[in-house]
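# Understanding the architecture of this molecule
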Amino acid sequence: MAKDSDRDPKQSGFSRRDLLRGGAAGAVVGSVVPRALQAEQAAADTASGAALVGPGPVPMTFTINGRRYQAELEPRVTLLDALRNHLDLTGAKKVCDRATCGACTVLVSDQPVYSCTLLAIEAQGAPVTTIEGLGTPEQMHPIQASFVENDAQQCGYCTPGFVVACKAFLDANPNPSLEQIERGLGGNLCRCGTYDGIKQVLLAGGRPARGG
């Protein structure tokens, strides 16, 4: 094992042991500073009257697809993980988990959001709509029926997010142009490349030609 005196004279006098010692000291400081900041933030929250929750599970109540759900979740749990892992609503898909692909899109207060980046605790008090709330195989929503008619899906992983996003888009733009469609759905990706079919769904206003 090298001694502290075993240093390369060409170096600045900083040995590997010094580096390790410095790393250990940095780790101690790094652990103290966040705790100090956390204590400061907790004091500020208490002073402002804000309720402190966590880090353990806390009771939460949701209104999803018109139905009331209750669960005990850690505050760090995302809405997507709450839906899939705790509430058995698996329509929204976990694909990129980085707010990039749109497969996890749901509606919160009728606005499309990436559920992978919204904390479940933040969704309380607002109506949430998932793909399960739009229709069923026996009674599909017109947009879902139009997806089938226009062959706008392949593997299906992106489809739930696209359908939900299309619903929100058409609510705001009942008769969109092709340019508006391409811009409006830029936040959803399809790895199978079914964009032409999806564009036809929206150009038809989400209504299948055979009705529905």
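Since this is a predicted model, take the numbers as computed values, not measurements.

Relative to each other, helix α3 (residues 142–149) and helix α4 (residues 159–172) sit at 125°, their axes nearing to 10 Å. By the criterion of interaxial angle, the relationship of α3 to α4 is oblique. Read as a crossing pair, α3 and α4 show a hand that is right-handed. On α4, the residues that touch I143, Q144 and F147 of α3 are T159, F162, V163, C166, K167 and L170. Classifying every residue of the contact of α3 with α4 by side-chain character gives six nonpolar, two polar and one charged.

Going residue by residue along strand β3 (residues 105–108), you find T105 and L107 tucked away on one face and V106 and V108 tucked away on the opposite face as well. Once β3 ends, the chain turns through two residues before running back antiparallel as strand β4 (residues 111–114), passing S109 with a positive phi of about 55°. Across two bridges, β3 lies against strand β5 (residues 127–129) in antiparallel orientation. Bridge assignment links L107 to a residue of β5, and that residue is T129.

The next thing to look at is the nonpolar core. One finds F62, I64, L73, L79 and L87 to be the most contacted residues of the largest nonpolar core, which totals 24 residues. Broken down by secondary-structure element, the contributors of at least two residues to this core are β1 (58–64), β2 (67–73), α2 (79–86) and β3. Counting 21 residues, the second-largest nonpolar core is a separate cluster that includes I143, A152, F162 and I181.

Now for the layout of surface pockets. A volume near 200 Å³ is recorded for the largest pocket. Lining the largest pocket, in full, are I131, G135, T136, P137, M140, Q144, F147, V148, Q153, T159, P160 and V163. Elements with a minimum of two residues in the lining of the largest pocket: α3 and α4. Of the residues that constitute the lining of the largest pocket, the class distribution is seven nonpolar, five polar and no charged.

Below, the discussion takes up the packing of aromatic side chains. A full pass over the atoms with the stated rule returns one aromatic pair. For the ring pair F162 and Y195, a centre distance of 6.4 Å and an interplane angle of 75° mean the geometry is edge-to-face. Highlighted residues: F162 in helix α4 and Y195 in helix α6 (residues 195–203), separated in sequence by 33 residues. The exposure class assigned to F162 is buried, which follows from its relative accessible area of 1%. Residue classification places Y195 among the partly exposed positions, given a relative accessible area of 33%.

Side chains that differ in sign of charge can pair as their charged atoms come close. Inspection of the entire model under this criterion finds six salt bridges. Across the salt bridge formed by K94 and D81, the nearest N and O atoms sit 2.9 Å from each other. Of this pair, K94 sits in the loop between α2 and β3 while D81 is found in helix α2, placing the two residues 13 residues apart along the sequence. Judged by its relative accessible area of 37%, K94 is partly exposed. A salt bridge links R183 to E179; the nearest nitrogen and oxygen atoms lie 3.0 Å apart. With a gap of four residues between them, R183 and E179 both fall in helix α5 (residues 178–184), about one helical turn apart. In this structure R183 comes out as exposed when scored by relative accessible area, which is 56%. Three or more residues joined by partner-sharing salt bridges are found here, namely D81, K94 and D97.

Calculation criteria
Residues numbered from 1 in each chain as written. Predicted model: local features only at pLDDT ≥ 70, side-chain atom pairs only at ≥ 80, totals over all residues. Heavy atoms only, no water. Axes fitted to C-alpha atoms, helices over the stretch in contact; angles between N-to-C directions. Helix = DSSP H or I, 4+ residues; strand = E, 2+ residues; numbered from the N terminus. Parallel < 35°, antiparallel > 145°, perpendicular 65-115°, else oblique. Left-handed = near helix turned anticlockwise from the far one by under 90°. Contact = heavy atoms within 4.5 Å. Nonpolar A, V, L, I, M, F, W, Y, C, P; charged D, E, K, R; others polar. Buried < 20%, exposed > 50% of the residue type's maximum accessible area, 1.4 Å probe, protein only. Pairing = 2+ DSSP bridges. Core = buried A, V, L, I, M, F, W, Y, C linked by side-chain atoms within 4.5 Å. 1 Å grid on protein atoms, 1.4 Å probe; cavity = no way out; pocket = protein on both sides within 12 Å on 5 of 7 lines; lining within 4 Å. Points joined across faces, edges and corners; volume = space filled by probe spheres on them. Phe/Tyr/Trp six-rings, centres within 6.5 Å; stacked < 30°, edge-to-face > 60°. Salt bridge = Lys/Arg side-chain N within 4 Å of Asp/Glu carboxyl O.

What is shown is where atoms sit, not what they do.
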